[in-house]
Amino acid sequence: TSDKENERIVKILSEELRDQFFSAPTQSVEFAFENALSRANIAIKDTLLIKPKNWLNKIHVAVLAGKDQEVHLSSVGMPHAFLVHRDQIMDVLAGEGKNGLNPGQDRFANARTPNPVKLFSNIVSGRLLPNDALVIVNESVLDYLSPERIRKTAQDFTPELAAAKLSELLSAAPANKQFGL
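What you see is a predicted model; the values in this text were computed from it and never measured.

S.K.: I keep staring at the sheet that holds strand β4 (residues 88-91) and nothing clicks. Help me out?
M.R.: Consider a sheet: its strands pair through backbone hydrogen bonds, and that pairing is either parallel or antiparallel. Taking strand neighbours across the sheet as the criterion, the three strands line up as β4-β3-β6 in an open arrangement whose pairing is antiparallel. Strands with a single pairing partner mark the edges of an open sheet, and in this sheet they are β4 and β6 (133-137). Ignoring which end each strand starts from, the neighbouring axes of this sheet average 25° apart. Across four bridges, strand β3 (residues 80-85) lies against β4 in antiparallel orientation. Residue pairing across strands places F82 opposite D91, the latter belonging to β4. Against the sheet, helix α4 (residues 147-156) engages β3, β4 and β6, with an angle of about 55° to β3.

S.K.: Before we go on, may I ask you to explain the nonpolar core in this structure?
M.R.: Among soluble globular proteins, nonpolar side chains are generally buried collectively. F21, L48 and F120 are the most contacted members of the largest nonpolar core, which totals 21 residues. Where this core is concerned, the elements lending two or more residues are α1 (2-22), α2 (29-49), α3 (53-56) and β1 (61-67). In terms of residue count, the dominant contributor to this core is α2 (eight residues). In this structure, V84, V141, L145 and F179 belong to the second largest nonpolar core, which totals 13 residues.

S.K.: Can you walk me through the sheet that holds β1 in this structure?
M.R.: Pairing is antiparallel in the open sheet, where three strands are placed in the order β1-β2-β5. Each end of this open sheet is capped by a strand with a single partner; those strands are β1 and β5 (124-127). On average, adjacent strands in this sheet sit at an angle of 20° to one another, irrespective of strand direction. Relative to the sheet, α2 contacts β1, β2 (70-76) and β5, its axis offset from that of β2 by approximately 20°.

About the cut-offs
Counting of residues starts from 1 at the beginning of each chain's written sequence and follows it residue by residue. Local features in this predicted model are restricted to residues of pLDDT 70 or higher, and side-chain atom pairs are both shown and tallied only at a pLDDT of 80 or more, whereas totals for entire chains, interfaces and linings draw on every residue. Excluding hydrogens and water, the side-chain values take into account all heavy atoms of the structure. Note on pairing: DSSP must find at least two bridges between two strands before they are called paired. A run of H or I in DSSP becomes a helix once it reaches four residues, and a run of E becomes a strand once it reaches two; helices and strands are each numbered from the N terminus. Helix axes use the C-alpha atoms of the stretch in contact, all axes being lines fitted to C-alpha atoms, and the angles between their N-to-C directions lie in the range 0 to 180 degrees. Residue contacts are defined here by distance: any two heavy atoms, one from each residue, within 4.5 Å place the two residues in contact. Throughout, nonpolar core names a set of buried Ala, Val, Leu, Ile, Met, Phe, Trp, Tyr and Cys residues whose side chains join them through atoms within 4.5 Å. Exposure is judged per residue with a 1.4 Å probe applied to protein chains only, and the accessible area is read against the type maximum: over 50% gives exposed, under 20% gives buried, and values in between give partly exposed.

Here is the structure:
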């Protein structure tokens, strides 16, 4: 079935990323992350090349690597990665097709179909300061939680409790709604 195939793809990606990241011949988190992404692209390309082109438009994945305060993030599709810093929230994955939209404008209208050979090709890097939070969600989460609610929850709770609180808030949504939790 399609769900089993999707699960298989996620498993291939997660295993390849984990194995390559932790076995990289370097102490540099950034280099190890780049290497792991490159190898994951190679490992999954044949599977993706036989998928229908519109299937690739439905992929929304974010991958994160970090050590201490250093973080590196790569994404496919249109996931959101909200950086909560002091009393502000910003989507650090907001790029072409996400910024400057008028209210009601379809933010997916400008999205490009991911290249199956270079699925993960861009990396956002930075440093988290004490009390900063990074909350990664898919688009459907924003149908139920505002960025402001996400910011407030991330600030008011420890990471573990914030994740539990956000999951609790999302549990009120219809059972058929998928959040990728």
